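# Analysis of the macromolecular model
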Amino acid sequence: MSKEQSLSRLEQEWQAFLKSFESLPESALLEAGVCGEWSIRDPMAHIPTWEEETLKALTLILAGKPTPKYS
């Protein structure tokens, strides 16, 4: 898969993800119980951090270095 294809696929999947909850009312996004006591919004708040971690890991992988381990 080329870089352009990868970026296109990433964008396509991101848009599908956003669309999956766009019609939900605000109250549904804040309702606890989706994952333990977490609401839909709680795991979504972690996405930017994991995107940053992924970019760091890709840089390490391309340099042939080990990636961080998370528990």
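The sections below set out a description of the structure shown in this document. Note that the structure is a prediction, hence the values are computed from the model and not measured.

### Considering the layout of surface pockets
Quantified by volume, the largest pocket comes out at close to 210 Å³. Contributing to the lining of the largest pocket are Leu10, Trp14, Glu51, Thr54, Leu55 and Leu58.

### Looking at the environment of Pro25
Topologically, Pro25 is positioned in the loop between α1 (3–19) and α2 (26–30). For Pro25 and His46, which are 21 residues apart along the polypeptide, the C-alpha to C-alpha distance reads 21 Å.

### Here we look at helix α4 (residues 47–62)
Its 16 residues give α4 an end-to-end C-alpha distance of 22 Å, which sits within 8% of 22 Å, the value for a rise of 1.5 Å per residue. Gly64 sits one or two residues past α4 and shows a positive phi near 75°.

Reading the values: rules and limits
Residues numbered from 1 in each chain as written. Predicted model: local features only at pLDDT ≥ 70, side-chain atom pairs only at ≥ 80, totals over all residues. Heavy atoms only, no water. 1 Å grid on protein atoms, 1.4 Å probe; cavity = no way out; pocket = protein on both sides within 12 Å on 5 of 7 lines; lining within 4 Å. Points joined across faces, edges and corners; volume = space filled by probe spheres on them. Helix = DSSP H or I, 4+ residues; strand = E, 2+ residues; numbered from the N terminus. Expected span 1.5 Å × (residues − 1).

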